[in-house]
Amino acid sequence: MSLVGFALVVAGVALFAVGFLRAREPWRRSQGLRAQDENSERYRAWRGGSPGAREEKTGASIAMQLLRRRARIWGAVATAGAFLVVVGFVLAFG
């Protein structure tokens, strides 16, 4: 295994681990907020609320956007790490 390939594999594993760990929490919180938002929408419909109320921006919807964006960014970091691992193996054994 070449030194460059080994370095890429190590850097890729580190990037993947950091990206995965940093993306997990915002994604979990975003899904929790989405579940609460769907629950409140069902309650609003049960009470006979206006059907257009779903379109308004709330603090929860803005928080969900920010959390999804943060999860996407760290997911991209994890994807880049996986790519580096593959490139490292190709350079090392190819």
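One structure accompanies this document, and this report is about it. Note that the structure is predicted; figures quoted are calculated from it, not measured. (Residues numbered from 1 in each chain as written. Predicted model: local features only at pLDDT ≥ 70, side-chain atom pairs only at ≥ 80, totals over all residues. Heavy atoms only, no water.)

## What about the packing of aromatic side chains?
Given two aromatic rings, their pairing is described by the distance between the two centres and the angle made by the two planes. Put simply, the rule is: The rule is short: rings of Phe, Tyr and Trp, with Trp giving its six-membered ring, pair when the centres are within 6.5 Å, and they are stacked under 30 degrees, edge-to-face over 60, tilted in between. To qualify as a helix, a DSSP run of H or I must reach at least 4 residues; to qualify as a strand, a run of E must reach at least 2; elements of each kind are numbered from the N terminus. Relative accessibility decides the category of a residue: with a 1.4 Å probe and only protein chains considered, values under 20% of the type maximum give buried, values over 50% give exposed, and everything between is partly exposed.
Scanning the model with the defined rule gives three aromatic pairs in all. On the numbers, 6.3 Å between centres and 10 degrees between planes, the contact of F16 with F20 is stacked. In this pair, F16 and F20 are both assigned in helix α1 (residues 3–47), four residues apart and thus about one turn of the helix distant. On the accessibility criterion, F16 (41% relative accessible area) is partly exposed. Overall, F20 belongs to the partly exposed group, its relative accessible area being 46%.

## Regarding a positive patch on the surface
Defined as follows: Only residues whose relative accessible area exceeds 30% and that form no salt bridge are eligible for patches; like-charged ones are grouped when within 9 Å, while nonpolar side chains (Val, Leu, Ile, Met, Phe, Trp, Tyr) are grouped when within 5 Å. Surface accessibility in these figures is a Shrake-Rupley result with a 1.4 Å probe; residues are shielded only by whichever protein chains are displayed. The rule for a salt bridge is simple: a side-chain nitrogen of Lys or Arg has to be within 4 Å of a carboxyl oxygen of Asp or Glu. When charges are counted, neither His nor the chain ends are considered; positive counts come from Lys and Arg and negative counts from Asp and Glu. In plain terms, the charge of a residue is placed at NZ if it is Lys, CZ if Arg, CG if Asp and CD if Glu.
Together, R22, R29, R68, R69, R70 and R72 make up a region of like positive charge exposed at the surface. Breaking the positive patch down by element, the ones donating at least two residues are α1 and α2 (59–93). With four residues, the single largest contributor to the positive patch is α2. Relative to the helices and strands, R69 resides in helix α2.

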